[in-house]
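Given next are the chains, with one letter for each unit.
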Amino acid sequence: MKVAIIGAGFVGTPTAVVLAERGHEVSVIEADEERARALREQRPLLYEDGLEEALVDIHLGIGLGAKGSLDVYLRGDPVAVDALAAADVTIVCVGTPTDGGHQNDTALVGAVEDWRNAIGDHAPDQRAIVIKSTVLPGTCRRLLEGLRDKWGADWSDLYHSPEFLAEGTALADARDPSRVVIGAPTCGSLTAVHLVQAAMAPFNRQHLTTLENAETTKYASNCLLAARLSALNDLARVCASVGADAVAVARLAGEDPRIGSQYLSPGGGWGGSCFPKDVQALVSMAVDRGISVPSLSGAIVSNEEAKNWAISQFWDTMSRPPLIDASVKVAVLGLTFKPGTNDTRESPPMEFVWSMVRSTCDLDNMEIVLYDPTGTPPEEEALVSYADGLGVKVRCADVHEAVEGAHVLVLGTAWEEVAGADLRWVASVMEDPRVVLDTRRMWSPYAAGLYGLDYRGFGLGRAS
Ligand SMILES: NC(=O)c1ccc[n+]([C@@H]2O[C@H](COP(=O)([O-])OP(=O)(O)OC[C@H]3O[C@@H](n4cnc5c(N)ncnc54)[C@H](O)[C@@H]3O)[C@@H](O)[C@H]2O)c1
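Residues numbered from 1 in each chain as written. Predicted model: local features only at pLDDT ≥ 70, side-chain atom pairs only at ≥ 80, totals over all residues.

**Some points on the overall build of the protein**
Counting secondary structure elements, the protein contains 18 helices and 16 strands. The C-alpha radius of gyration of the protein comes to 24 Å, within 12% of the 23 Å expected for a compact globule of 464 residues. Its C-alpha atoms give the protein principal-axis dimensions of about 75 × 45 × 40 Å. A separation threshold of at least 6 residues defines the contact pool for the protein, and within that pool the share at least 24 residues apart is 73%. (Helix = DSSP H or I, 4+ residues; strand = E, 2+ residues; numbered from the N terminus. Rg over C-alpha atoms; globule rule 2.2 N^0.38 Å. Contact = placed C-beta atoms within 7 Å.)

Below you can see the structure in the form of C-alpha cells.
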C-alpha cells in the first residue's frame, strides 16, 4: 500500500519507519529542509534509540516486508505533491502546539490543505486521510466539513488515529503499540475504513470508534498520566516535610494492584512536548464550555510546585555560607525532559537553568556548566547569548569537565550515565560544599552521604 506521512517529527518519523518495515511504500513529506535532508541521509536530527539503525536498514532493504520503502520529500516539491496524490492513505503527524492556552491548528490545517490540493477538484475514491496529530475533540469533524465543502456532503474518508508512543521508547512503542484507536465518521465508507485498518495492519489491538471518542481518548490518557504524577509529587512534598522518603512510600503504595507500580516515580515536574500542552488545552476547552475541571487544573498548579523544588533548594544553598559570597560553579547533568530523547521542549531541567539565569540575584560570581548525553540542546545558543548579556557565564561541556570543581550539582534527567555515575569519583572531584540536588531521585541518599556529598533529593525528608 502507498502511504504518505506529513510531518517528520517525533511521531512521523517512527511511524514512517514502522510502516516501511511492515511492507508499505512510504513517502514522508517534511516542511523543514534540514530535517528532510537529514532524514533522507539516514541521520535524523531527533534522537531515539534504534532509529538511525532502522533507517539505514530500510535504505539497504534489510528486513523489509514485500514492497517496503521510505522516501523523503520536501513540502511543496512537485514530487511531494505527486506522492500525496498517489497515496492510498495519508497520515498527518504535524505539531499541534498550545498557544495562549488554546490549540494552534495552523500546521494541521496547512497539512490537510496540502493533501486536498494534491488530490484536486474531484472527490477522491479509495483514498483516506488519517489525522494522527493530537487534536481537541471536534477538530476532525471541522476538518471533515471543510473537505465536504469541496467534495460534497457524501465524502467521509477522514479518520483520526491518535498516537500513544512515548519519547525515549518511540520506535519500540510504534512497533508494538499498546492499542491502535481508529476514529471514524459515523457515516464513513467501509472501504476506506478497511483501507485505514490495512495500513495499520498487522498491528492487533485495533479499536474502531467515533472521531470524538478517539480525540478525547488521547487527552484522557495524557491527563490521567499527568494527574497521577502530580498527585504523587504533592505526596512527595508531604513526605519530605514529615521525614519520609517518597521513593520508598511510592514503592510500597504501588504494591496495591489497584495503584500499580508503573509511572510512580516522584520527580521535579513533568514536561515535554505533550503533557503540558495537552493538559492545558483540555482545561481551556473545558472552561470555555463552562465545565470546571479542578483535578486537571490542579495538576498543572502542582506541577509548577514540583518544578520549583530545584530552584528553591538552589537559592537556599546559595544564600548560606560558604557559598553566599564565593565564586560558585553549578553543573547541570541532563537537560532533556526525559532520557532517551534529545527533546528539550518544556523540559524541567532547562526551565531550571533559565530560571537561574533570569533570576534577579547577582550572578557575577557564578559559572553554569551544562551537560547532556545527546549534546548541545537547540536552545543553548539563545540561552548563552541571553546569559552573556547579563554577564552570566553559561557553557556546555562533557560530563567530566562539568562535574570537576563544581560546588553544586543538579541532576536533571535520569539518563543511565547520570544515574549510574561513580559517586566516589563525583565526591572526589567536586568542591565543598558538594551539594547535590537530585530532581529525579537517581542516586542512593545513603551512598551519596557516605561519600561526603550534601545530597538533597526531591521528596526526601530527613528522618529524626
Ligand atoms: N512527541 C510525542 O511524544 C508525541 C506523542 C504522541 C502524540 N504526539 C502528537 O503528535 C503530533 C506531532 O508531534 P511531534 O512531537 O512529532 O511534532 P514535531 O514538532 O516534532 O514534528 C512535526 C513536524 O511536522 C512538520 N510540518 C509542519 N507542517 C507541515 C506540512 N504542512 N508539511 C510537512 N511537514 C510539516 C514540521 O516541520 C515538524 O518537523 C502533535 O500533535 C503531538 O501532540 C506527540
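Having seen the model, we can carry on.
**Describing the pairing of strand E1 (residues 2-6)**
For E1, a buried count of 4 out of 5 residues is recorded, marking the element as mostly surrounded by other parts of the structure. Bridge count between E1 and strand E2 (residues 25-30): 5 bridges; the pairing is parallel. For Ile 5, the partnering residue across the bridge sits in E2 and is Val 28. Taken together, E1, helix H1 (residues 12-21) and E2 form a β-α-β motif whose crossover is right-handed. Bridging between E1 and strand E4 (residues 89-92) involves 4 bridges; their strand directions are parallel. Residue pairing in the sheet places Ile 5 in a bridge with Ile 91 of E4. (Buried ≥ 20, exposed ≤ 12 C-beta atoms within 10 Å, placed from the backbone. Pairing = 2+ DSSP bridges. Right-handed = clockwise from strand over helix to strand, strands pointing away.)

**A look at the site of the ligand**
Neighbouring residues of the ligand: 28 residues in total, closest Gly 7, Gly 9, Phe 10, Ser 133 and Thr 134. Those elements that provide at least two residues to the shell around the ligand are E2 and helix H5 (106-119). In terms of residue class, the shell around the ligand is made up of 12 nonpolar, 9 polar and 7 charged. (Near = placed C-beta within 6 Å. Nonpolar A, V, L, I, M, F, W, Y, C, P; charged D, E, K, R; others polar.)

**Notes on helix H9 (residues 211-242)**
Look at H9: 47 Å from first C-alpha to last across 32 residues, which is about the 46 Å you get at 1.5 Å a residue. Phi turns positive, to about 80°, at Gly 243, one or two residues after H9. (Expected span 1.5 Å × (residues − 1).)

**Looking at the sheet that holds strand E13 (residues 393-396)**
Spatially, E13-E12-E11-E14-E15-E16 is the arrangement adopted by the 6 strands of the open sheet, whose pairing is parallel. Either end of the sheet is taken by a strand with one partner, and the two such strands are E13 and strand E16 (454-457). The sheet shows a mean angle of 15° between the axes of neighbouring strands, direction not considered. Direction of pairing for strand E11 (residues 328-333) relative to strand E14 (residues 408-411): parallel, over a ladder of 4 bridges. Each bridged residue has a counterpart across the sheet, and for Ala 331 the counterpart in E14 is Leu 409. Helix H12 (residues 294-318) rests against E11, E14, strand E15 (435-438) and E16 of the sheet, and its axis sits at about 170° to E15. (Axes fitted to C-alpha atoms, helices over the stretch in contact; angles between N-to-C directions.)

**Notes on the packing of H9 against H12**
The relative placement of two packed helices is expressed as an angle between their axes plus a distance between the axes. Their axes nearest at 9 Å, the elements H9 and H12 cross at an angle of 50°. By the angle between their axes, H9 is oblique relative to H12. Along this stretch, H9 crosses H12, giving a crossing that reads as left-handed. Taken together, the residues of H12 that come into contact with H9 (itself represented by Cys 223, Ala 226, Ala 227, Ser 230, Asn 233, Asp 234 and Arg 237) are Ser 295, Leu 296, Ala 299, Ser 302, Asn 303, Glu 305 and Ala 306. For the contact of H9 with H12, the class distribution of residues is 6 nonpolar, 5 polar and 3 charged. (Parallel < 35°, antiparallel > 145°, perpendicular 65-115°, else oblique. Left-handed = near helix turned anticlockwise from the far one by under 90°.)

**Remarks on helix H11 (residues 275-288)**
The α-helix advances 3.6 residues per turn, and as a result positions three or four apart in sequence lie on the same side. The first and last C-alpha atoms of H11 sit 20 Å apart over 14 residues, in line with the 20 Å expected at 1.5 Å per residue. When we look at burial in H11, the residues that qualify are Phe 275, Pro 276, Lys 277, Asp 278, Val 279, Ala 281, Leu 282 and Val 283.

**Remarks on the nonpolar core**
With 129 residues, the main nonpolar core has Ile 5, Val 17, Val 92, Ala 331 and Leu 409 as its most contacted residues. Of all the elements, H9 adds the most residues to this core, at 10 residues. Here this core gathers at least three residues from each of two domains, domain 1 (2-204) and domain 2 (213-464). Other than its neighbours up to four places away in sequence, Ile 5 contacts Gly 12, Thr 15, Ala 16, Val 26, Val 28, Ile 29, Ile 91 and Cys 93. (Core = buried A, V, L, I, M, F, W, Y, C linked by C-beta atoms within 7 Å. Domains from an automatic or database assignment.)

**Observations regarding the pairing of E2**
For E2, a buried count of 6 out of 6 residues is recorded, marking the element as mostly surrounded by other parts of the structure. Burial along E2 is two-sided: the residues Glu 25, Ser 27 and Ile 29 and Val 26, Val 28 and Glu 30 are all buried. Sheet topology places E2 next to strand E3 (residues 69-74); 6 bridges connect them, and they run parallel. Bridge pairing in E3 links Ser 27 to Asp 71.

**Side note on the domain arrangement of the protein**
What the domain assignment lists for the protein is domain 1 (2-204) and domain 2 (213-464). If you look at the interface, domain 1 gives 26 residues, while domain 2 gives 22 residues. Examining the composition of the side of domain 1 that touches domain 2, we find that 3 residues originate from one element, strand E9 (residues 180-184), more than from any other. Along the lines of polarity and charge, the residues of the side of domain 1 that touches domain 2 split into 12 nonpolar, 11 polar and 3 charged.

**Observations regarding the environment of Ala 107**
Within the fold, Ala 107 resides in helix H5. For the pair Ala 107 and Gly 405, spaced 298 residues apart in sequence, the C-alpha to C-alpha distance is 46 Å. If we skip the residues at most four places from it in the chain, Ala 107 touches Val 94 and Gly 95.

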